[in-house]
Amino acid sequence: MKSSVIIFPGSNCDRDMDVALKKFGFKNQMVWHNDTDIPKSDLIVLPGGFSYGDYLRCGSIAGKSKIIKSVIDFANSGGLVLGICNGFQILTETGLLPGILQQNKYLNFICKNVFVKIKNKENKYFKKIKKEVLELHIAHNEGNYFCSNDELKSIEDNGQIAVTYCDHKGNEDEKNNPNGALKNIAGIFNKDKNILGMMPHPERMIDPFLSGEDGSLFFNNLIESL
Amino acid sequence: MVEVNEKIAIEHGLKSDEYKKICELLKRTPNITELGVFSAMWNEHCSYKSSRKHLKKLHTTGEQVIQGPGENAGVVDIEDDDAIVFKIESHNHPSFIEPYQGAATGVGGIMRDVFTMGARPIANLNSIHFGSPDHEKTRNLLRGVVKGIGGYGNCIGVPTIAGQTCFDESYNGNILVNAMTLGLVNKNKIFYSKAAGINKPVIYVGSKTGRDGIHGASMASAIFDDKIEEKKPTVQVGDPFTEKLLLEACLELMAGRSIISIQDMGAAGLTSSSIEMASKGDLGIEIDLTKVPCREENMTPYEIMLSESQERMLIVLEEGKENEAKKIFDKWNLDFAVIGKTTDSKNIELFFKNEKVAEIPIDFLAENAPMYDRKWIKAKLPKENKFSKDQFKSLKLGDCLKKILIDPNIADKEWIWDQYDHTVMGDTIQKPGGNAGVVRVHGTNKAVAASVDSSANYCHAHPFTGGKQVVCESWRNMISVGAKPIAITNCLNFGNPEKEKNMGEFVECVEGITEASKYLNYPVVSGNVSFYNETKDKGIKPTPSIGGIGLLSNYKKMMTMELKNEGNYLFVIGKTEGHLDQSIFARNMLSEFNGPPPEVNLFNEKQNGMSVLNLKNKNLIETCHDVSLGGILTAISKMGIKSGKGVKLFPLEGLVNKFEYFFGEDQGRYIIEIKPENLENVENMLKKESIHFDKLGLVEGDKITLENDLKLSIDDIKEDYKKWLKEYMVN
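The structure presented is a predicted model; accordingly, all values stated were derived computationally and were not measured.

Caption draft 1: Local environment of the overall build of chain A. Counting its regular elements, chain A contains five helices and eleven strands. Scaling as 2.2 N^0.38, a compact globule of 226 residues should have a C-alpha radius of gyration of about 17 Å, and chain A matches this with 16 Å. Each principal axis of the C-alpha distribution contributes one length, and for chain A these read about 45 × 35 × 35 Å. Sorting the 226 residues of chain A into buried and exposed places 64% on the buried side. Taking as baseline every contact in chain A between residues at least 6 positions apart, the subset at least 24 positions apart corresponds to 75%. As displayed, chain A has an accessible area near 8,900 Å², and 50% of this comes from carbon and sulfur atoms.

Have a look at this one:
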């Protein structure tokens, strides 16, 4: 399986994602933002970080970068596109995913472990994961998901909510909502479920010596499902 | 053009006799640009004029040392071909004036010092000191500093793995922000600042030069008064995005062979970077200031030379490599300009619009910079307090513990480090909140531990003992995670060196640091000095911050402080005399602020530490935590809180004052957890090595108990311990 990680100026989780993809069997290649073509891939990843300094608005400049047209074409042809953290912000900026990511409710950057509930397993990203609740890690200042009522109804009706913040038992209450996201949303799909954007970083949870190992479940499933 | 005279020189922070010396050296009156250059190089921050004499005493050698003080950062060997580049630096004055930018650019500056040497930064740490929590400015300063540190480090993508936060009223008018960075480099590919060769192109890369930060270094060499707010324009503005690009571009250029020398533009910007490179190479340098990329219009040579705009580097390249280098900086969208060349004149020559605007022999600025042997007085060891039995009569262990756990200097700091990305780069195996932060050396079995420590109360009570103690505390933190201590970097924060008492504090702390680091083979390889932390005649307590690093050859053997298993034994390694003077207990429960700090016995310190490492290497201990502020009971409580497990303490033997025993801050102690099956083995080993130990208790249940004297649920104390800072910040 081949994957491509796009590097924007200011990306800083590109290496971590490269390490994770390779660990679980992907042949990964790094693609520079100023390129126009993406080598043949089964998966394209937009990594975390502060693309273009996140100036103007998180992900907005990356959403207009040279490489992004190829990402959009790939996604529209059904290719798998995964955006983590800043990558999620970029995907909303391109319009590939609905809604926006606002500044965290308590106005602080948050770096900690969280639990997320898998809301939809009818897709390649979560299909073979047995657990219902995963322990993942977040590190962001703008992860407060928001969309209009119409958009919310549409993403709910279409099963586009991918993961929600919860406690270890799966309770999706306000207490376990770290950033004020609407409906505790931590990640969403597009209608066809080939595009996933989420705030938590599975690539930081791939080793028992790190924050945890549930990220391994995510990547293992991904390589098996493809 | 402004005409230079003594009055203008004094406005530049120079003393009247220093100005006279400049005129004598030049045999003429300097012009304003030249005066600016002199003032930037001769201020305390750049010239170390008050401290140089004493810094020479520091212990700076050892087989592990690749580069000691004098470069952008220190370098130590961590086996194979790997080396760690590290340094700590202060950004105190700017952070008080503008906390967000001050702290942010402090982090940016120290990271540049590290990647200038060819190392990729792998961890950040910080030591921050604020005034009393009751002081009107404290909350906002703390919020701003934490946001600034996070804002910069998070964006660059380097994890902030450990730190230290202290509160004391002596910092009401002068907070301390000390930032530390560790970088990883191949020991055969280290870059230095010494220029070599004549007619080599001098290259400017990075951000454009603006009017920000002009006279930043002079500001950092002065005491504060009522007009402090007016100094805001001297604070630099950081752009972590550009720094990230600069980092990647520099490392890309460094992979080739075109760099002769490289130096970041930190304090005193283009002035100090160009002069340092030339001075170290015993060369001259010629710069055409017209070619410097500027952000603002009509900048004068004076402004260009003194700007402290961030994210800039100066590089001396091999001839003919300019295009190759330019391509890399173009790729990263960074400015690249050939602004001058090295010469054999041994002068710095500045041109602007085809006119020579300054010419000064480099020697005058570097080696001939003033050096003072300031007067100082030796501190006396304060008299010990004799506490009477009555003073303890009404106290209960549990109440004391609860009060101590919410002392601002003990209470949990999660509110702070949750705002720092501490997991990016995927190698953080011990997060903030433990004995030390630990990161793996990417792709190997090795890991590096790091911590920052200070003990201003001890240093204030007796600077020499305090200096020794901080080094020992740092060493203990390395041992506690199972790392072999390697080396330290020190940030020496003091008051006004022109006052004999403050100067004495500095001299004796340095001597204490030296004695301990020599004995423990824990050399100082880098650091900086920050004097004049004084506002309206009130100086800070002497605060040397020690950043230590240690090596784990197998990261899987790292220790943590969480209690592991019910039924395991807990020992205290090291003798408990019950020293309460200068302790958190004495301050909180006895309202006693005087007395000597705990004695530091270097022989015991080393023996105890080595025996803990020895036990660990034989896989005989499960957990380790050093005993520091708040004594044994505070240490045990933190271990319990982290793991959610309780401890049954054994009754004390003999006529021991339980408050002295449980809250005394004697040095050289560790708490270790031992499985029952290893008990005999551990006891025998400790006895054989003549290491003093007490059997403290058992891991048991979910409470801390001691017969009828103490019964506290871990959940309850955890809540108090965790919430103090969070509640303080929302109020």
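Caption draft 2: Geometry of the interface of chain B and chain A. Taken together, the contacts link 30 residues of chain B with 27 residues of chain A. Both faces combined, the contact of chain B with chain A buries some 2,300 Å², and carbon together with sulfur accounts for 56% of it. Ranking the residues of chain B by area buried against chain A places B:Phe241, B:Asp418 and B:Thr423 at the top, with a combined share of 21%. Taken together, the connections running from chain B to chain A amount to three salt bridges. Here chain B and chain A share 13 residue pairs in polar contact (both at pLDDT 80 or more) between them. Elements with a contribution of two residues or more to the side of chain B that touches chain A: α8 (138–156), α10 (240–254) and β14 (428–430) of chain B.

Caption draft 3: Inspection of the pattern of salt bridges at higher detail. On inspection of all chains with the given rule, the structure shows 57 salt bridges over all chains. A salt bridge links B:Asp427 to A:Arg15; the shortest N-O distance between them is 3.5 Å. Of the two residues, B:Asp427 sits in the loop between α17 (414–417) and β14 while A:Arg15 sits in helix α1 (residues 14–23), which places them in two different chains. In this structure, the salt-bridge partner of B:Lys326 is B:Asp330, at a minimum N-O distance of 3.0 Å. In this pair, B:Lys326 and B:Asp330 are both assigned in helix α13 (residues 322–331), four residues apart and thus about one turn of the helix distant. Residue classification places B:Lys326 among the partly exposed residues on the basis of a relative accessible area of 33%.

Caption draft 4: Broad picture of helix α22 (residues 602–617) of chain B. The end-to-end C-alpha separation of α22(B) is 22 Å, in line with the 22 Å expected for 16 residues at 1.5 Å each. Count one or two residues on from α22(B) and you reach B:Asn619, which has phi positive near 60 degrees.

Caption draft 5: Here's a closer look at helix α5 (residues 214–225) of chain A. Residues and elements named next belong to chain A. For α5, with twelve residues, the first-to-last C-alpha span of 17 Å sits near the 16 Å given by 1.5 Å per residue. Most of α5 is tucked away, with nine of its twelve residues classed as buried. Listed in full, the buried residues belonging to α5 are Asp214, Gly215, Ser216, Phe218, Phe219, Asn221, Leu222, Ile223 and Ser225. Against the buried residues of α5 lie α1, β3 (43–46), β4 (80–84), β7 (133–140) and β11 (195–198).

Caption draft 6: Representation of the packing of α8(B) against helix α26 (residues 714–730) of chain B. Residue and element names in this part refer to chain B. Contact pair α8 / α26: the axes reach a minimum separation of 10 Å and the direction vectors enclose 105 degrees. Viewed along their axes, α8 and α26 adopt a mutual orientation that is roughly perpendicular. Residues Thr138, Arg139, Leu142 and Arg143 of α8 form the contact with α26, whose participating residues are Leu725, Tyr728 and Met729. For the contact of α8 with α26, the residue count by class is four nonpolar, one polar and two charged.

Caption draft 7: Expanded view of the packing of aromatic side chains. This model, assessed by the stated rule, comprises 27 aromatic pairs over all chains. Between B:Tyr569 and B:Phe650, the ring centres sit 6.5 Å apart and the planes meet at 50 degrees, which makes this aromatic pair tilted. Residue B:Tyr569 is located in strand β22 (residues 569–573), and its partner B:Phe650 is located in the loop between β24 (647–649) and α24 (658–663); the two are separated by 81 residues in the primary sequence. With relative accessibility at 22%, the residue B:Phe650 sits in the partly exposed group. By the ring-pair criterion, three or more aromatic residues cluster together here, those being A:Phe24, A:Tyr125, A:Phe126, A:Phe189, A:Phe218 and A:Phe219. Over the ring of B:Tyr728 we find B:Arg139; its NZ or CZ atom is 4.2 Å from the centre of that ring. Across the ring face of B:Tyr555, the terminal group of B:Arg440 is positioned such that the distance to the ring centre comes to 5.0 Å.

Caption draft 8: Looking closely at a nonpolar patch on the surface. A cluster of nonpolar side chains, contributed by A:Tyr55, A:Leu56 and A:Ile61, occupies part of the molecular surface with about 320 Å² of accessible area. On the basis of relative accessible area, A:Ile61 is assigned to the partly exposed category, the value being 33%.

Caption draft 9: Looking closely at a negative patch on the surface. A cluster of acidic residues, B:Asp715, B:Asp716, B:Glu719 and B:Glu727, forms a negative patch at the surface. Positionally, B:Asp716 belongs in helix α26.

Caption draft 10: Just the pairing of strand β5 (residues 160–167) of chain B, in detail. All names here are of chain B. For β5, the tally of buried residues reaches seven of eight residues, placing the bulk of the element in the interior. As judged from the seven bridges shared by strand β4 (residues 120–130) and β5, these two strands associate in the parallel manner. Across the sheet, Asn124 pairs through a bridge with Thr160, a residue of β5. Running through α8, the crossover from β4 to the neighbouring parallel element β5 is right-handed.

Caption draft 11: Fine view of the nonpolar core. Counting residues in each nonpolar core, the largest one holds 176 residues, and the members touching the most others are A:Phe126, B:Leu142 and B:Phe329. The element that contributes the greatest number of residues to this core is α10(B), accounting for nine residues. Non-local contacts of A:Phe126, meaning those with residues more than four positions away in its chain, are made with A:Ile118, A:Asn120, A:Lys121, A:Ala162, A:Val163, A:Phe189, A:Leu196, A:Met198, A:Phe218 and A:Asn221. If you look at the next biggest cluster of nonpolar residues, it comprises 51 residues, including B:Val4, B:Trp42, B:Ala195 and B:Leu270.

Caption draft 12: Just the sheet that holds strand β9 (residues 161–166) of chain A, in detail. Residue and element names in this part refer to chain A. One open sheet accounts for nine strands, arranged β2-β1-β3-β4-β11-β10-β9-β6-β7; its pairing is mixed. Of all the strands in the sheet, the pair left with one neighbour each is β2 (27–32) and β7. Across the sheet, the axes of successive neighbouring strands diverge by a mean angle of 25 degrees, strand direction being ignored. One ladder, built from three bridges, connects β9 with strand β10 (residues 185–189); its direction is antiparallel. By the bridge assignment for β10, Thr164 is matched with Ile185. Each of β3, β4, β7 and β11 is contacted by α5, which is oriented at about 105 degrees to β7, the strand it contacts most.

Caption draft 13: Structural context of the environment of A:Gly78. The topology assignment puts A:Gly78 in the loop between α2 (68–76) and β4. In the structure, A:Gly78 is positioned 23 residues away from A:Tyr55 in sequence and 30 Å away in space, judged by C-alpha atoms.

Caption draft 14: Quick peek at the sheet that holds strand β25 (residues 670–674) of chain B. All names here are of chain B. Spatial ordering of the open sheet is given by β23-β25-β22-β26-β24-β27-β28, a layout of seven strands whose pairing is mixed. Edge strands, defined here as strands with exactly one partner in the open sheet, are β23 (623–626) and β28 (710–713). In this sheet, neighbouring strand axes are inclined to one another by 20 degrees on average, regardless of whether the strands run parallel or antiparallel. Summarising the sheet, β23 and β25 pair through four bridges and their orientation is antiparallel. In the sheet register, Asp626 faces β25, and the bridge partner there is Tyr670. Sheet contacts for helix α19 (residues 463–480): β23 and β25; angle to β23, the most-contacted strand, approximately 170 degrees. Sitting on the sheet, helix α23 (residues 631–643) touches β22, β23, β24, β25, β26 (693–699), β27 (703–706) and β28, and the angle it makes with β23 is about 140 degrees.

Cut-offs and rules
Counting starts from 1 at the beginning of each chain's written sequence and moves along it residue by residue. For this description, chains carry letters from A and ligands carry numbers from 1, given in the order in which they are written. Totals for whole chains, interfaces and linings use all residues, but because this is a predicted model, local features are given only for residues with pLDDT of at least 70 and pairs of side-chain atoms are given and counted only at 80 or more. As a rule here, side-chain values come from all non-hydrogen atoms in the structure, and water together with hydrogens is ignored. Under the scheme used here, helices are H or I runs from DSSP no shorter than 4 residues and strands are E runs no shorter than 2 residues, and both carry numbers assigned from the N terminus. Put simply, the radius of gyration uses C-alpha atoms, and a globule should come to 2.2 Å times the residue count raised to 0.38. Working definition: with a 1.4 Å probe on protein chains only, accessible area under 20% of the residue-type maximum means buried, over 50% means exposed, and in between means partly exposed. By the convention used here, residues are in contact when the closest approach between their heavy atoms is within 4.5 Å. For every accessible area listed, the method is Shrake-Rupley and the probe measures 1.4 Å; residues are considered covered only by the protein chains on display. For any pair of parts, buried area is found by adding up, for both, the accessible area (1.4 Å probe) each one loses once the two are put together. Criterion for a salt bridge: a side-chain nitrogen of Lys or Arg within 4 Å of a carboxyl oxygen of Asp or Glu. Polar contacts, as counted here, are pairs of nitrogen or oxygen atoms within 3.5 Å of one another; within protein the pair requires one atom able to donate a hydrogen and one able to accept it, and residues that are adjacent in sequence qualify only if both atoms are side-chain atoms. To estimate how far a helix should reach, multiply one less than its number of residues by 1.5 Å. Axes, fitted as lines to C-alpha atoms, cover a helix only where it is in contact. Angles between the N-to-C directions of the axes lie from 0 to 180 degrees. Here is the rule for angles: anything less than 35 degrees is roughly parallel, anything more than 145 is roughly antiparallel, 65 through 115 is roughly perpendicular, and the remaining ranges are oblique. Amino acids are sorted into nonpolar (Ala, Val, Leu, Ile, Met, Phe, Trp, Tyr, Cys and Pro), charged (Asp, Glu, Lys and Arg) and polar (every other residue, Gly among them). Geometry of aromatic contacts follows a simple scheme: Phe, Tyr and Trp rings, the Trp one being its six-membered ring, pair when their centres are within 6.5 Å, and the pair is stacked under 30 degrees between planes, edge-to-face over 60, tilted otherwise. Only lysine NZ and arginine CZ atoms are considered, and such an atom sits over a ring when it is within 6 Å of the ring centre and within 35 degrees of the ring normal. Without a salt bridge and with relative accessible area above 30%, a residue can belong to a patch; like charges are then joined within 9 Å and nonpolar side chains (Val, Leu, Ile, Met, Phe, Trp, Tyr) within 5 Å. Charged-residue counts in this description rest on Lys and Arg as positive and Asp and Glu as negative, His and the chain ends being excluded. Taken as the charge location is NZ of Lys, CZ of Arg, CG of Asp or CD of Glu. Strands are treated as partners if at least two bridges between them are detected by DSSP. Looking down the strands as they point away from you, a crossover is right-handed if its path from the first strand over the helix to the second goes clockwise. Buried Ala, Val, Leu, Ile, Met, Phe, Trp, Tyr and Cys residues form a nonpolar core when they are joined through side-chain atoms within 4.5 Å.

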